[in-house]
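Examination of the molecular architecture
Below are the chains, spelled out letter by letter.
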Amino acid sequence: MAILNGGETTHARKVAIIGAGSIGTGLAVVYSHAGHTVSIFDAAPAQRQRVLQEVRRILYDLQEFGLVALPADEIVRKVQVVDNLNDAVSSAEFIHECAPEDLGIKRRIMKELDEVAPANAVIASASSAITASEFADRLPGRARCLVAHPGNPPYLLRVMEIVPAAFTSEDAVRRALSFMASAELAPIRVRRELNGFVFNRLQGAVLREAYCLVRDGVASVEEIDRLVRDGLGLRWSVIGPFETVDLNTRGGIGRHARILGPAYHAMGAERGQDDPWTQGLVSEIESQRRAIMPLDQWDDRVRWRNRKLMSLIAARESEQD
Ligand SMILES: NC(=O)c1ccc[n+]([C@@H]2O[C@H](COP(=O)([O-])OP(=O)(O)OC[C@H]3O[C@@H](n4cnc5c(N)ncnc54)[C@H](O)[C@@H]3O)[C@@H](O)[C@H]2O)c1
């Protein structure tokens, strides 16, 4: 970090987290470090007992790497574990449901939350694929419900997909985006609900192909993981897939699409997919890239990427296991 600013938020809020597994616990770290007060509830007593210990352990690890701005013990004091959902949501402005990915469970919790949460609270779900249209469609307060899908672990992957349903109010979306920004989780507003949102669709594209390659005996699990870890993934930790091809091809992404588009289309066709990169689509993507980085900056940006990768590789080589 300092990925977290250590409580310099302009508006400290009371936040409720429902479900204290990997995601709920990770978000408790993020929100408390951002200066918000967190009440967390889990249906399992054993989970409730271990959550503070886990939050503290994560913060100590972050502290060891210089990634938190305040002493860990000071941050932990902002997290309170409670024995029931009602106490968790009392006076909460933002509620993040982090229970298992099960439509029945999410529907039940959302119904209860809508009944007992303060009228002005935004109710978000960390759901990976279930949409707000599915878990909140019948609720009187559905206009304040949406998905806020984090990366795992949320205190290291500083992104959050905000996915409203058609019935979600603009006010709830705006407040969710602003809350996530206050916690330094770069929020991305997904324009419409779709299965897996954006994060998991991208991950899914890679995973689907990886499964096929192992099935067809083309490469082993270890080899594919190594290709991503030391190849694609290393670059992706600095730049995304569009910037990758923009910087890999002199002339930028438009030229890349003209040269390699047909080959990528053929790869997709082998898997039964027919989504050619049409001229119109390539022009749109190229013009978005050129607005971010004019081509006369190409050499400088390539050098910047290379130096970022050098610094990452040096950090990897100096790390202890
Ligand atoms: N793990 C990931 O990589 C990841 C990433 C992004 C989003 N998500 C999503 O976040 C949500 C939580 O995932 P997770 O990995 O933290 O799951 P998890 O299994 O680690 O934790 C879920 C917790 O919810 C508790 N719980 C179950 N029913 C409950 C109820 N009625 N009330 C309160 N607590 C209840 C469980 O005891 C458990 O501690 C899921 O929707 C998941 O899809 C997961």
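About the cut-offs
- Residues numbered from 1 in each chain as written.
- Predicted model: local features only at pLDDT ≥ 70, side-chain atom pairs only at ≥ 80, totals over all residues.
- Heavy atoms only, no water.
- Helix = DSSP H or I, 4+ residues; strand = E, 2+ residues; numbered from the N terminus.
- Rg over C-alpha atoms; globule rule 2.2 N^0.38 Å.
- Buried < 20%, exposed > 50% of the residue type's maximum accessible area, 1.4 Å probe, protein only.
- Contact = heavy atoms within 4.5 Å.
- Areas by Shrake-Rupley, 256 points an atom, 1.4 Å probe, with all protein chains shown as cover.
- Lys, Arg positive; Asp, Glu negative; His and termini not counted.
- Charge placed at Lys NZ, Arg CZ, Asp CG, Glu CD.
- Salt bridge = Lys/Arg side-chain N within 4 Å of Asp/Glu carboxyl O.
- Pairing = 2+ DSSP bridges.
- Axes fitted to C-alpha atoms, helices over the stretch in contact; angles between N-to-C directions.
- Parallel < 35°, antiparallel > 145°, perpendicular 65-115°, else oblique.
- Left-handed = near helix turned anticlockwise from the far one by under 90°.
- Domains from an automatic or database assignment.
- Expected span 1.5 Å × (residues − 1).
- Near = heavy atom within 4 Å.
- Polar contact = N/O pair within 3.5 Å; in protein donor to acceptor, adjacent residues only side chain to side chain.
- Nonpolar A, V, L, I, M, F, W, Y, C, P; charged D, E, K, R; others polar.
- Phe/Tyr/Trp six-rings, centres within 6.5 Å; stacked < 30°, edge-to-face > 60°.
- Arc of directions from axis to C-beta.

Now for the overall build of the protein. For the protein, the helix and strand inventory stands at 13 helices and eight strands. Compactness check: the protein gives a C-alpha radius of gyration of 22 Å against a globular reference of 20 Å for 321 residues, within 12% of the reference. In terms of overall dimensions, the protein has a C-alpha envelope of 60 × 50 × 40 Å along the principal axes. Across the 321 residues in the protein, those meeting the buried criterion constitute 41%. Considering only residue pairs separated by 6 or more positions, the protein has 69% of its internal contacts joining residues 24 or more positions apart. Carbon and sulfur atoms make up 53% of the accessible area of the protein, which amounts to about 17,400 Å² in all. Treating the 39 positive side-chain charges of the protein as one cloud and the 42 negative ones as another, the clouds have centres 2 Å apart.

Take the pattern of salt bridges next. Inspection of every chain in the model, using the stated rule, returns 23 salt bridges. Of the charged contacts in the structure, one is a salt bridge between R50 and E54, with a shortest N-O distance of 3.8 Å. Here E54 and R50 lie together in helix α2 (residues 45–64), a separation of four residues that amounts to about one turn. Note that D216 is salt-bridged to R215, the shortest N-O span being 2.8 Å. A residue is classified by how much of its surface remains accessible, and R215, at 59% relative accessible area, is exposed. Here the salt bridges do not stand alone but share partners, grouping E243, D246, R289, R290 and R301 into one network.

So, on to the sheet that holds strand β3 (residues 79–81). Reading across from one edge, β3-β2-β1-β4-β5-β6-β7-β8 is the order of the eight strands in this open sheet, with mixed pairing throughout. On the outer flanks of this sheet lie β3 and β8 (186–189), each paired with one strand and no other. Strand-to-strand twist of the sheet, defined as the mean angle between neighbouring strand axes without regard to direction, takes the value 25°. Of the strands in this sheet, β1 (14–18), β4 (94–97) and β5 (122–125) touch helix α5 (residues 103–116), which is tilted by about 170° from β5.

Let us now look at the packing of helix α9 (residues 221–236) against helix α13 (residues 298–318). The geometry of α9 relative to α13 is characterised by a closest axis approach of 11 Å and an angle of 130° between their N-to-C directions. One element, α9, and the other, α13, form an angle in the oblique class. Crossing of α9 over α13 shows right-handed handedness. In this structure, α9 contributes R229, D230, L234 and R235 to the contact, and α13 contributes L309, L312, I313 and R316.

What follows is about the domain arrangement of the protein. According to the domain assignment, the protein consists of domain 1 (14–189) and domain 2 (199–318). Taking the mean C-alpha position of each, domain 1 and domain 2 sit 32 Å from one another.

Turning next to helix α1 (residues 22–33). Compared with an ideal rise of 1.5 Å per residue, which puts twelve residues at 16 Å, α1 spans 17 Å between its outermost C-alpha atoms and is within 8% of the ideal. Counting buried positions along α1 yields ten of twelve residues, so the element is predominantly enclosed. Every buried residue belonging to α1 is among G24, T25, G26, L27, A28, V29, V30, Y31, S32 and H33, and all of these are buried. G35 occupies a position one or two residues after α1 and carries a positive phi of about 100°.

Our next topic: the site of the ligand. Lining the immediate environment of the ligand, one finds 23 residues, of which I23, D42, E101, K106 and S128 sit closest. Here an oxygen atom of the ligand and a side-chain polar atom of K106 are 2.8 Å apart. Measuring from an oxygen atom of the ligand, one finds a side-chain N or O atom of S128 at 2.7 Å. With the chains in place, 73% of the 830 Å² that the ligand exposes on its own is no longer accessible. Looking at the shell around the ligand, the elements that each hand over two or more residues are α1, α5 and β6 (145–150). Residues belonging to the shell around the ligand are distributed by class as follows: twelve nonpolar, eight polar and three charged.

Positionally, R144 belongs in the loop between α6 (132–135) and β6. Since its relative accessible area comes to 11%, R144 is described here as buried.

This brings us to the packing of aromatic side chains. Considering all chains together, one arrives at three aromatic pairs under this definition. Taken together, a centroid distance of 4.9 Å and an interplanar angle of 55° make the contact between Y31 and F179 tilted. A residue pair is termed long-range when its members are at least 10 positions apart, and Y31 in helix α1 and F179 in helix α7 (residues 170–182) qualify at 148 residues. Taken as a pair, Y31 and F179 share a single burial class, namely buried. Seen in terms of ring centroids, F94 and F179 are 4.3 Å apart; in terms of plane orientation they differ by 25°. Their pairing is stacked. Residue F94 is found in strand β4, and its partner F179 is found in helix α7; the two are separated by 85 residues along the sequence.

The end-to-end C-alpha distance of α5, which contains 14 residues, comes to 20 Å, matching closely the 20 Å that a straight helix rising 1.5 Å per residue would cover. Along α5, the residues that are buried comprise K106, I109, M110, L113 and D114. One face of α5 carries all of its buried residues, which in axial projection span an arc of 135°. Those residues of α5 that are exposed and angled more than 90 degrees off the buried face are R108 and E115.

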